[in-house]
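Structural overview
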Amino acid sequence: MPTTNATSESTGFSPAEHAAIKQRAAELRAEGKQGAKKADGLQAVLESIAKMTPEDRLIAERVHVVATANAPGLLPKTWYGMPAYATADGKVVFCFKNAGKFNTRYSTLEFQEAARLDDGEIWPVSYALQTWSPAVERKIAELVKASVS
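Residues numbered from 1 in each chain as written. Predicted model: local features only at pLDDT ≥ 70, side-chain atom pairs only at ≥ 80, totals over all residues. Heavy atoms only, no water.

A few words on the overall build of the protein. Counting secondary structure elements, the protein contains five helices and five strands. Along the protein, helices (α) and strands (β) appear in the sequence α-α-α-β-β-β-α-β-β-α when read from the amino end. Burial status across the protein gives 36% buried among its 149 residues. Accessible surface computed for the protein: about 8600 Å², of which carbon and sulfur atoms make up 53%. (Helix = DSSP H or I, 4+ residues; strand = E, 2+ residues; numbered from the N terminus. Buried < 20%, exposed > 50% of the residue type's maximum accessible area, 1.4 Å probe, protein only. Areas by Shrake-Rupley, 256 points an atom, 1.4 Å probe, with all protein chains shown as cover.)

Encoded structure:
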């Protein structure tokens, strides 16, 4: 199964995806105060992703797409400058920590206390992400769904 390597050239969001994101932000702003807050959070996440290195940006964009598709009830926001997804009351469920931010070897998807991943007495809450592939996408989708179930 072919994989997309984070070091390959990233085309980022497609023009259609960019247009849809901008349209959704405008819709949220039109909803009033709560909608404006949601739109501002989405804009902050997109700006945070845009500032990343191409390698980190490729993975962050895909995480964003998977997160919004599999946990539509979570609100995008930045958390310590990182893309994060939170409950309506502002509790961060998970965030994407890009390698370039802290000069680490790999980016991570980190689940916080609000995530519902509890499984017995011990369970993982941080996952290293070096490349993007269909298998990685499936695993992230499963984790995101589980974190809000």
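That was the structure; now back to the text.
Looking now at helix α5 (residues 134-148). The terminal C-alpha atoms of α5 lie 22 Å apart, and with 15 residues this matches the ideal 21 Å at 1.5 Å per residue to within 8%. Listed as buried for α5 are Ile140, Ala141, Leu143, Val144 and Ser147. Each buried residue of α5 lies within a common arc of 165 degrees when the element is viewed along its axis, so the set occupies one face. On its buried face, α5 sits against α3 (54-70), β3 (92-97), β4 (107-111) and β5 (126-129). (Expected span 1.5 Å × (residues − 1). Arc of directions from axis to C-beta. Contact = heavy atoms within 4.5 Å.)

Right, let's get into the side chain of Glu110. In this fold, Glu110 is placed in strand β4. Using a relative accessible area of 17% as the deciding quantity, one classes Glu110 as buried. At 2.8 Å, the side chain of Glu110 forms a polar contact with the side chain of Thr108. Every residue in contact with Glu110, bar those within four places of it in the chain, is listed here: Val93, Phe94, Cys95, Lys97, Val125 and Ser126. (Polar contact = N/O pair within 3.5 Å; in protein donor to acceptor, adjacent residues only side chain to side chain.)

Mapping Ser147 onto the fold places it in helix α5. Judged by its relative accessible area of 1%, Ser147 is buried. Engagement of the side chain of Ser147 in a polar contact is seen with the backbone oxygen of Val144, the distance being 2.7 Å. With sequence-adjacent residues up to four places away left out, Ser147 is seen in contact with Val93, Phe94, Phe111, Ala114, Ala115, Arg116 and Leu117.

Moving on: the sheet that holds strand β2 (residues 82-86). On the basis of which strands lie adjacent, the open sheet formed by five strands has the order β1-β2-β3-β4-β5 and antiparallel pairing. Every other strand in the sheet has two partners, leaving β1 (75-79) and β5 as the edge strands with one partner each. The sheet shows a mean angle of 20 degrees between the axes of neighbouring strands, taken without regard to direction. With four bridges joining them, β3 and β4 adopt antiparallel strand pairing. When the bridges of β4 are listed, Phe94 appears paired with Phe111. Seen against the sheet, α3 touches β1, β2, β3, β4 and β5 and runs at an angle of roughly 160 degrees to β3. (Pairing = 2+ DSSP bridges. Axes fitted to C-alpha atoms, helices over the stretch in contact; angles between N-to-C directions.)

For residues other than glycine, phi is negative in most cases, and the peptide bonds are mostly trans. Of note in this structure, Tyr80 is not a glycine but carries a positive phi near 55 degrees. Looking at the secondary structure, you find Tyr80 in the loop between β1 and β2. Residue class for Tyr80 comes out exposed when judged on its relative accessible area of 64%. Despite not being glycine, Asn103 has its phi angle at roughly 50 degrees, a positive value. By the secondary structure assignment, Asn103 is in the loop between α4 (99-102) and β4. Judged by relative accessible area, which is 72%, Asn103 ranks as exposed.

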